Amino acid sequence: MAGVTVPDTKIAREATELVRDSTTDLVYNHSRRVFWFASLQGRNRGLSFDPELLYIGAMFHDLGLNARFGGSGRRFEVDSADEARRFLQAHGAPEDSVRRVWTAIALHTTPGIPEFMEPEVALVTAGVEYDVLGIGYHDISDADRAEITGLHPRPDFKRGILEAFTEGIAPKPETTFGNVKADVLERFVPGYRRANFVDIIQNSAWPE
C-alpha cells in the first residue's frame, strides 16, 4: 500500500496480533497509519531504516495508554517502550535493536531530539507527528494518504485521540511535567494544575 509493505515476519505478525487484541480500534488504526506515514517520510528524507524495527516501534508506541498502566507512576511513553522491550527480548532480538525501538517509543512525544538520532527513532516520531499533528501533511501525496486512511480510517480521530490521551494519563498527572501531555490535562481535566519549572527551582530546598 502506497509503495510500502508491512514486514512479513513472525515477529511483525505477532506484534500486530498483540496490539490488535490489547488496544482500541482507534489506537490500532493509528499505530498502523504511523508505520506507513513514517515509512513514506523516511523515503522522502532518504533514510535507510529497518522496516521491522520501525513497525514494532509504531505498533507499540501507545500501548502505555492502556488502563492497566494507570498506576505505574511512569510516563506512558516509558510504559509503552518497556512493553516493546519485553516483547523483543522474548523473541531474541539483538540488544541494539531493542535499544533502538525502546528509544524511538520513549522519545516520540519529545520534539527536537529524535530527528537527530537513528532513522527508526526519528521516523516513529515523524509518523506520530504526521498522523496526530499534521506536521509535514503535504509531504505525502493525496493518493497515498487516501489509500492509507482507506485501510485504516480515522473517523473523529482528533477528538478520539485526545480522549485516549486524557484517559491514559489522568490517573498519573505527575508524569506530565516537562512534556506536551500537560496541555491535554490542562484542557480536559478540571482542577489540573501543571507543575511550573520556575516554581520548582525557586521553591527547592537549596538555601539562598
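The structure we're discussing is the one just above.
Read on for a plain summary of the structure. Treat the numbers as computed from the prediction; the structure is a model and nothing was measured.

Cut-off values and rules
- Residues numbered from 1 in each chain as written.
- Predicted model: local features only at pLDDT ≥ 70, side-chain atom pairs only at ≥ 80, totals over all residues.
- Heavy atoms only, no water.
- Helix = DSSP H or I, 4+ residues; strand = E, 2+ residues; numbered from the N terminus.
- Rg over C-alpha atoms; globule rule 2.2 N^0.38 Å.
- Buried < 20%, exposed > 50% of the residue type's maximum accessible area, 1.4 Å probe, protein only.
- Contact = heavy atoms within 4.5 Å.
- Patch = residues over 30% accessible without salt bridge, like charges linked within 9 Å, V, L, I, M, F, W, Y side chains within 5 Å.
- Areas by Shrake-Rupley, 256 points an atom, 1.4 Å probe, with all protein chains shown as cover.
- Salt bridge = Lys/Arg side-chain N within 4 Å of Asp/Glu carboxyl O.
- Phe/Tyr/Trp six-rings, centres within 6.5 Å; stacked < 30°, edge-to-face > 60°.
- Expected span 1.5 Å × (residues − 1).
- Core = buried A, V, L, I, M, F, W, Y, C linked by side-chain atoms within 4.5 Å.
- Polar contact = N/O pair within 3.5 Å; in protein donor to acceptor, adjacent residues only side chain to side chain.

Quick look at the overall build of the chain now. Along its length, the chain carries 10 helices and zero strands. Traced from its N-terminal end to its C-terminal end, the chain shows the element sequence α-α-α-α-α-α-α-α-α-α. For a compact globule of 208 residues, the expected C-alpha radius of gyration is about 17 Å, and the chain comes in at 17 Å, within 12% of that figure. Taking all 208 residues of the chain together, the buried fraction comes to 47%. If you take every contact in the chain between residues at least 6 apart in sequence, the share linking residues at least 24 apart comes to 64%.

On the secondary structure map, His 30 appears in helix H2 (residues 25–45). In this structure His 30 comes out as buried when scored by relative accessible area, which is 0%. In contact with His 30, not counting residues within four places along its chain, are His 61, Asp 62, Asp 131, Val 132, Phe 157 and Ile 161.

This part is about the environment of Pro 207. Along the chain, Pro 207 turns up in the segment after helix H10 (197–202). We classify Pro 207 as exposed; its relative accessible area is 68%. As a C-alpha pair, Pro 207 and Thr 103 span 104 residues in sequence and 37 Å in three-dimensional space.

So, on to a nonpolar patch on the surface. Taken together, the side chains of Phe 177, Phe 197, Val 198, Ile 200 and Ile 201 present a nonpolar region at the surface, about 490 Å² in accessible area. Note that Phe 197 resides in helix H10.

So, on to the packing of aromatic side chains. This model, assessed by the stated rule, comprises six aromatic pairs. For the pair Phe 35 and Tyr 55, a centre-to-centre distance of 5.1 Å together with 90 degrees between the ring planes defines the contact as edge-to-face. One end of the pair, Phe 35, is in helix H2; the other, Tyr 55, is in helix H3 (residues 51–60), with 20 residues separating them in the sequence. On the basis of relative accessibility, which here comes to 0%, the residue Phe 35 falls in the buried class.

This next bit is on helix H8 (residues 157–169). Side chains three or four residues apart in an α-helix point the same way, a direct result of the helix having 3.6 residues per turn. Between its first and last C-alpha, H8 extends 18 Å over 13 residues, near the 18 Å set by a 1.5 Å rise per residue. Listing the buried residues of H8 in full gives Phe 157, Gly 160, Ile 161, Ala 164, Phe 165, Thr 166, Gly 168 and Ile 169.

Let us look at the nonpolar core. Where a protein is soluble and globular, its nonpolar side chains tend to be buried together. The biggest cluster of nonpolar side chains holds 39 residues, and the ones touching the most others in it are Phe 35, Ile 56, Phe 60, Phe 87, Leu 88 and Val 101. Looking at this core, the elements that each hand over two or more residues are helix H1 (10–22), H2, H3, helix H4 (76–90), helix H5 (95–106) and helix H6 (119–133). Discounting chain neighbours no more than four positions away, the residues touching Phe 87 are Ile 11, Glu 14, Ala 15, Leu 18, Ile 56 and Phe 60. In this structure, Ile 161, Ala 164, Phe 165 and Val 184 belong to the second largest nonpolar core, which totals 11 residues.

What follows deals with H4. If you check H4, its first and last C-alpha atoms are 21 Å apart, about what 15 residues at 1.5 Å a residue would give, namely 21 Å. Of the positions making up H4, those classed as buried are Phe 76, Glu 77, Asp 79, Ser 80, Ala 81, Asp 82, Glu 83, Ala 84, Phe 87 and Leu 88. Against H1, H3, H5, H8 and helix H9 (181–188) lie the buried residues of H4.

Inspection of the secondary structure puts Arg 86 in helix H4. For Arg 86 and Val 98, which are 12 residues apart along the polypeptide, the C-alpha to C-alpha distance reads 8.9 Å. Separated by 2.3 Å, the side chains of Arg 86 and Glu 83 make a polar contact.

Moving on, we come to the pattern of salt bridges. Oppositely charged side chains may form a pair once their charged atoms are brought near each other. Counting across every chain of the model gives 20 salt bridges. Asp 25 serves as the salt-bridge partner of Arg 20, at 2.4 Å between the closest nitrogen and oxygen. When salt bridges with common partners are traced through the structure, they connect Asp 96, Arg 99, Arg 100, Glu 118 and Glu 120 into a single cluster.

Right, let's talk about unusual backbone geometry for a bit. At Asp 156, a residue that is not glycine, the phi angle is positive and equals roughly 50 degrees. Within the secondary structure, Asp 156 sits in the loop between helix H7 (142–151) and H8.

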